[in-house]
Amino acid sequence: QVQLVDSGGGLVQAGGSLRLSCAASGRTFSRYAMGWFRQVPGKERVFVALISGSGIINYLDSVKGRFTISRDIAKNTVYLQMSSLKPEDTAVYYCAARSGGWAFASPSEYEYWGQGTQVTVSS
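Here goes a summary of the coordinates provided.

Conventions adopted
- Residues numbered from 1 in each chain as written.
- Predicted model: local features only at pLDDT ≥ 70, side-chain atom pairs only at ≥ 80, totals over all residues.
- Heavy atoms only, no water.
- Helix = DSSP H or I, 4+ residues; strand = E, 2+ residues; numbered from the N terminus.
- Buried < 20%, exposed > 50% of the residue type's maximum accessible area, 1.4 Å probe, protein only.
- Lys, Arg positive; Asp, Glu negative; His and termini not counted.
- Salt bridge = Lys/Arg side-chain N within 4 Å of Asp/Glu carboxyl O.
- Polar contact = N/O pair within 3.5 Å; in protein donor to acceptor, adjacent residues only side chain to side chain.
- Contact = heavy atoms within 4.5 Å.
- Disulfide = S-S within 2.5 Å.

Of note, Arg-71 is situated in strand E7 (residues 67-72). Within the buried set, Arg-71 has no salt-bridge partner at all; the shortest N-O distance to an opposite charge, 9.2 Å, is to Asp-72. Among the polar contacts listed, one links the side chain of Arg-71 to the backbone oxygen of Tyr-32, at a separation of 3.0 Å. In terms of polar contacts, Arg-71 uses its side chain to reach the backbone carbonyl oxygen of Ile-51, at 3.3 Å. Not counting chain neighbours up to four residues away, the residues in contact with Arg-71 comprise Phe-29, Ser-30, Tyr-32, Ala-33, Met-34, Ile-51, Ser-52, Gly-53, Thr-77 and Val-78.

Written out as structure tokens, the structure reads:
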């Protein structure tokens, strides 16, 4: 019953910043785990960041110190703040949600998905 709308992608120079947003429907958002994933043509969709229903956060090693995931419960929105962007960060970014609150790094564990937003980092 949950619907997700992700947005905020665009074109940015290497070293720049973007903030992605994921707006969720439903009344149980605060108890859901949320994740961000990314995918490039010809490759599998991979984990980027997650936040569990209890607030536990984890990141892909290559984005630690550069990306920050956060949740605004009042707005039913999850964010991914991306700084010091690199060309290798170029991908379609997807937000995802799962019920129960416990978070996983595997895309297959998530029940609900946004449509994706393109992030392109130029050199």
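After presenting the structure, the write-up continues.
Our next topic: the state of the cysteines. Evaluation of the coordinates by the stated rule reveals 1 disulfide. Note that Cys-22 is cross-linked by a disulfide to Cys-95, the S-S spacing being 2.2 Å. Where Cys-22 bonds to Cys-95 through sulfur, the torsion about that S-S bond is close to 65°, and the disulfide is right-handed. Pair noted here: Cys-22 is in strand E3 (residues 18-24) and Cys-95 is in strand E9 (residues 91-98), with a separation of 73 residues, a long-range link. Like Cys-95, Cys-22 is buried.

Without other data, these values stay purely geometric and don't point to any function.
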